[in-house]
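Residue strings, one per chain:
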Amino acid sequence: MSLNEPFESVPMANDHPDQAISLSQALLAPRIVIEGTEPVLDGGAFAAKAVSGQPVTVSSKVYSDGHDRLAVMLNWREASSRRWHCLPMQSQGNDLWLAEFTPTQIGPHLFSIETWIDPFATYCHDLEKKYHAGVEVSLELEEGRLMLGKGVELSQGSLREEIGAVQAQLASLDTEGQVARLLHPDTAKLMALAEHRSYLTRSREFPLDVDRPAALFASWYELFPRSITDSPERHGTFNDVHARLPMIRDMGFDVLYFPPIHPIGTQHRKGRNNALRAEPGDPGSPYAIGSPDGGHEAIHPQLGSREDFRRLVAAAAEHGLEIALDFAIQCSQDHPWLKQHPGWFSWRPDGTIRYAENPPKKYQDIVNVDFYAADAVPSLWLALRDVVVGWVEEGVKTFRVDNPHTKPLPFWQWLIANVRSQYPEVIFLAEAFTKPAMMARLGKVGYAQSYTYFTWRNTKQELREYFEELNQPPWCHCYRPNFFVNTPDINPYFLHTSGRAGFLIRAALATMGSGLWGMYSGFELCESAALPGKEEYLDSEKYQIRPRDFNQPGNIVAEIAQLNRIRRQNRALQTHLGVAFFNCWNDNILYFAKRTPERDNFILVAISLDPHNAQEAHFELPLWELGLDDDAQTLGEDLMNGHRWTWHGKTQWMRIEPWHQPFGIWRIEKAS
């Protein structure tokens, strides 16, 4: 192997670590080490996440024996393209190298790192040290002329002529002039182009999945179309939803999400408050999918026609909203698939089928498919893929997936990649409240977003630890948290007794904590009536029609609108990344910053976690992050009301009154 033939950077080991490496292995092993590359998931087994139009920072530890200088290059391309883009990586000291690139297209990408020993850079480093130390360098200057001559030999065309001109110029210069010409950046650029790249070493190609910006920054609003009505006796329709679009838009939401809109089964239909027996007129749970009117590809007749749905999708788009649908892989016992494809299900010895359970919860109105039944592979998988594609072709680009952690991971990895190979703009949100490893894995196999533990994080310590965890690898590379403040399934205990202030606290935490957040209809009205002792809503909308007066007194519509407006106006708030916590001497006040890497958008957030009592505290302004002294002046602006002031020094004082506003959101800037 010649010195300029690339080595693959792989661990220098064999199948038996306790045995010595063989000579042939040593001779073929790369001399330069590339390790600790980020963003990388499981050694490149899964794609790290990125967003089109936003920079991706790649870092790696690159080093070799001796004191030779290294050149390190970042290469990246769209997976569908053969054209590589190349960027020099910059040394950060201690063998750490960084480079940044910005993908402009959505879909799969690849990146790799290559490095080589750079003899001319090594020469220049040594020449500069010797010359400035007063050491005689006549021999070094002769070496430089020889290196330029070698560069001429390795070059062609205009590059050959330019290097030759530099070599010729040296003859007319004194020692100082020769040193200056050899060390000039233009000379280094020419020689880099001519370099034969000794001991060239390449990393493997690492995958990167680039989504559209809505995968990282969006505000979700969930409603049941059937409840958009003036009477619990009248089933709401898609046409009724049109009247809600302006208010949802004005609150600042981007995504309007519907629970399943498919026909609902009648066998074992649930009644009010999850009763096992439905009374006449009870609409049933929309998660019991399927009836003689159709299954997952069909629309519940009482909601309207397919043309009504298309008109709603178009009208929502005119209001800046996109429709998201629930993809719930479960069937009522009236679903057409049970008769058309009985082999897709597991049947009991007596000919019955087991209903779904999640102890202590029981779902007598639904049954699950068997992904690995003999008759289901691959026909069931393809049918489910076709369901998703069918709705994509109706204009739906976002899907919230119900309980994905109870379905096979290989299925999701295949389905998401298959759908996005045709429609790369499609976004999948995982409704996965489960163990951390599974939640992370769902992100790795393709989910763009996920529900989170945020719902159950209430204390200062819990919130800080969770926010910081999501900012660290591997989570920051594979997992985008969507901070839903409530769902039809979850009426958090904190909201049961905290009143209006409690709803504002959770709204502020969600909107400031992540670029993605969501709320279920009724949150803006501070609805909190619960089934006794449970995190479930009394008179749950899952089992009945619930009309609402969205203008009723005590609502927090205006505050939600302003929180979403603040998010749109401040780049630092459009991601869960970039969070930092600072000193605030009160355990009832969560105090943190969200800031851009350039620090040109710096937001301070202080949220009282006590919905009942006023809280006071001294706190520190992070002046050091702005490059300021402890006694510097800074400009502050309250982003909720526009009030402006000047802060003097690092230590400040706050008082938060929950009956007024239980949080503060301030933009801080250097004083001119």
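For the structure, check the block above.
Conventions adopted
- Residues numbered from 1 in each chain as written.
- Predicted model: local features only at pLDDT ≥ 70, side-chain atom pairs only at ≥ 80, totals over all residues.
- Heavy atoms only, no water.
- Helix = DSSP H or I, 4+ residues; strand = E, 2+ residues; numbered from the N terminus.
- Buried < 20%, exposed > 50% of the residue type's maximum accessible area, 1.4 Å probe, protein only.
- Contact = heavy atoms within 4.5 Å.
- Areas by Shrake-Rupley, 256 points an atom, 1.4 Å probe, with all protein chains shown as cover.
- Pairing = 2+ DSSP bridges.
- Axes fitted to C-alpha atoms, helices over the stretch in contact; angles between N-to-C directions.
- Core = buried A, V, L, I, M, F, W, Y, C linked by side-chain atoms within 4.5 Å.

**Q** Please explain the overall build of the protein as it appears in this structure.
**A** A tally of regular secondary structure across the protein gives 18 helices and 29 strands. The principal-axis extents of the C-alpha atoms in the protein amount to approximately 100 × 70 × 50 Å. For the protein, the residues scored as buried account for 55% of the 672 residues in total. A fraction of 74% describes how many contacts in the protein between residues 6 or more apart in sequence connect residues 24 or more apart. Summed over its atoms, the accessible surface of the protein is roughly 29900 Å², and 50% of this surface lies on carbon and sulfur atoms.

**Q** Looking at this model, I keep getting lost on the pairing of strand β27 (residues 644–648). Mind explaining?
**A** The side chains of a regular strand alternate between the sheet's two faces. Where strand β26 (residues 633–638) and β27 come together, five bridges link them in antiparallel fashion. Pairing of Glu637 across the sheet is with Arg644, part of β27. Two successive antiparallel strands, β26 and β27, enclose a turn made up of five residues, where Gly642 displays a positive phi of approximately 85°.

**Q** Can you help me understand the sheet that holds strand β19 (residues 449–450) in this one?
**A** Hydrogen bonding along the main chain pairs the strands of a sheet, whether they run parallel or antiparallel. Pairing within the open sheet is parallel, and its eight strands lie in the order β19-β18-β17-β14-β13-β12-β21-β20. Sheet topology places β19 and β20 (482–484) at the edges, where each strand pairs with a single neighbour. Where strand β12 (residues 218–222) lies against strand β21 (residues 516–520), five bridges are found, and the strand directions are parallel. Within β21, the residue paired with Glu222 across the bridge is Tyr520. In the packing of helix α11 (residues 379–392) onto the sheet, the strands contacted are β14 (322–327), β17 (398–402) and β18 (427–431), and the crossing angle to β14 comes to about 165°.

**Q** What's the story with the nonpolar core in this structure? I'm lost.
**A** For soluble globular proteins, the rule of thumb is that nonpolar side chains tend to be buried together. Core analysis: the biggest nonpolar cluster contains 132 residues, and Phe258, Phe309, Phe399, Trp412 and Phe428 have the highest contact counts within it. Apart from the residues within four sequence positions on either side, Phe309 is in contact with Phe238, Ile261, Ile299, Ile323, Leu325, Trp391, Glu394 and Val396. Formed by 20 residues, the second largest nonpolar core is a distinct cluster that contains Ile589, Ala617, Leu621 and Ile656.

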